[in-house]
Amino acid sequence: MSTEDGRRPGTARLGTRRSTMATTQSRLVADAITERTGVPVELELITSFGDVTRAHLTQLGGTGVFVSALRDALLDGGVDFAVHSLKDLPTAPAEGLVLAAVTERDDPRDALCARDGLTLDALPAGARVGTGSPRRVAQLAAHRPDLVYVPIRGNAETRLGKVASGEVDAVVLAYAGLVRVDRLDAVTDVLDPDRVLPAPGQGALAVECRADRAGADLAYLSAVDHTATRLAVTAERTVLAELEAGCAAPVGAHARLEGGVLRLEAAVASTDGSRQVRAARTAEMDVDPASLKAAADLGRELARSMIADGADRIVADPGEIGGGAAGPGAGA
Ligand SMILES: NCc1[nH]cc(CCC(=O)O)c1CC(=O)O
């Protein structure tokens, strides 16, 4: 049986971008929902402006372009829910929409993919490292100010291709993303949070739907919510919000809930790596949605202590990648 538009009744429609990474992560979430609730889910491919105009993304005001087409489809009822990489979602809540679930986080770390199996420490002085992320450049430059950071863009495959062709000696990508596009073979060094703190929310997926449907006919979405992850990313994203920074700001944050303690660490660094504010803070916490406020408080307190140490001045004036014309918006 099918309806006029070809849908099976009772089937949920998941809106996704077309890239391999997006469809892979959407499929993962869809399968988990079906497994846990029995609700069948079909993927609806949506083309975003960011997918078709990759060339001038920096002029479009950032990662929002990846998110807005999916949000439009949610709001006009074309799809029931959407899956985003959490780190691409602005911290400001979207009107009429709600974060229905945050999935259990995959490896949050960044990974170096270099020629000839080279690690970060083994790259020769002057080696060219491709990344458009001010956060990555700033923290990498703090360790290796002698490398040359070049802004590049494109999907993971495109970026890895620039190493293969010799255009750059290395690129830095999210480990979780490389898993999703099945390119772990390219990883030559995994960057621990004490060297490079990942983007707030990195490695976690966000399930978004219309607020007026969240607790109602879409209540099954909460089946894929992971409380410990949600507490951790809430603390991380509160740091970002409190610093009044966006996803393209040089802000790294990572939190982990272990043994009843949430440990949050964050860093803000100028793009040349010369100025850095790094801080950590812990709070005892039950793995319970009732702890969400305490997680946000932890993020707020940490951000305020960092602001007292000058973090807001770095956010306001981080400098530019390679001293050149990178501009905002090449996020991650
Ligand atoms: N900014 C693009 C983006 N958004 C999410 C991921 C990776 C997957 C994730 O962090 O969940 C990536 C690619 C990258 O940074 O290498």
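Before going into details, it helps to say that this report is about the structure given with it. (Residues numbered from 1 in each chain as written. Predicted model: local features only at pLDDT ≥ 70, side-chain atom pairs only at ≥ 80, totals over all residues. Heavy atoms only, no water.)

**Things to note about the sheet that holds strand β10 (residues 205-210)**
One open sheet holds the 5 strands; their spatial order is β2-β1-β3-β10-β4, and the pairing between them is mixed. The outermost strands of the open sheet, each flanked by one partner alone, are β2 (41-45) and β4 (97-102). Across the sheet, the mean angle from the axis of one strand to that of its neighbour is 35 degrees, orientation sign disregarded. Summarising the sheet, strand β1 (residues 12-16) and β2 pair through 5 bridges and their orientation is parallel. Bridge pairing in β2 links Thr 16 to Leu 45. Against the sheet, helix α1 (residues 20-37) touches β1, β2, β3 (81-85) and β10, its axis set at about 160 degrees to β2. (Pairing = 2+ DSSP bridges. Helix = DSSP H or I, 4+ residues; strand = E, 2+ residues; numbered from the N terminus. Axes fitted to C-alpha atoms, helices over the stretch in contact; angles between N-to-C directions. Contact = heavy atoms within 4.5 Å.)

**Description of the pairing of strand β13 (residues 276-284)**
With 9 bridges joining them, strand β12 (residues 261-269) and β13 adopt antiparallel strand pairing. Paired with Leu 262 across the strands is Ala 283, a residue of β13. Taking the residues that link successive antiparallel strands as the turn, the β12-β13 hairpin has 6 residues, and the phi of Gly 273 there is positive, at about 80 degrees.

**Digging into α1**
Turn by turn, an α-helix covers 3.6 residues, leaving residues three or four places apart pointing in a common direction. In a regular helix each residue adds 1.5 Å, so 18 residues correspond to 26 Å; α1 covers 26 Å between its end C-alpha atoms and thus fits that length. Check the buried side of α1 and you find it contacts β1, β2, β3, α6 (175-180) and β10. (Expected span 1.5 Å × (residues − 1).)

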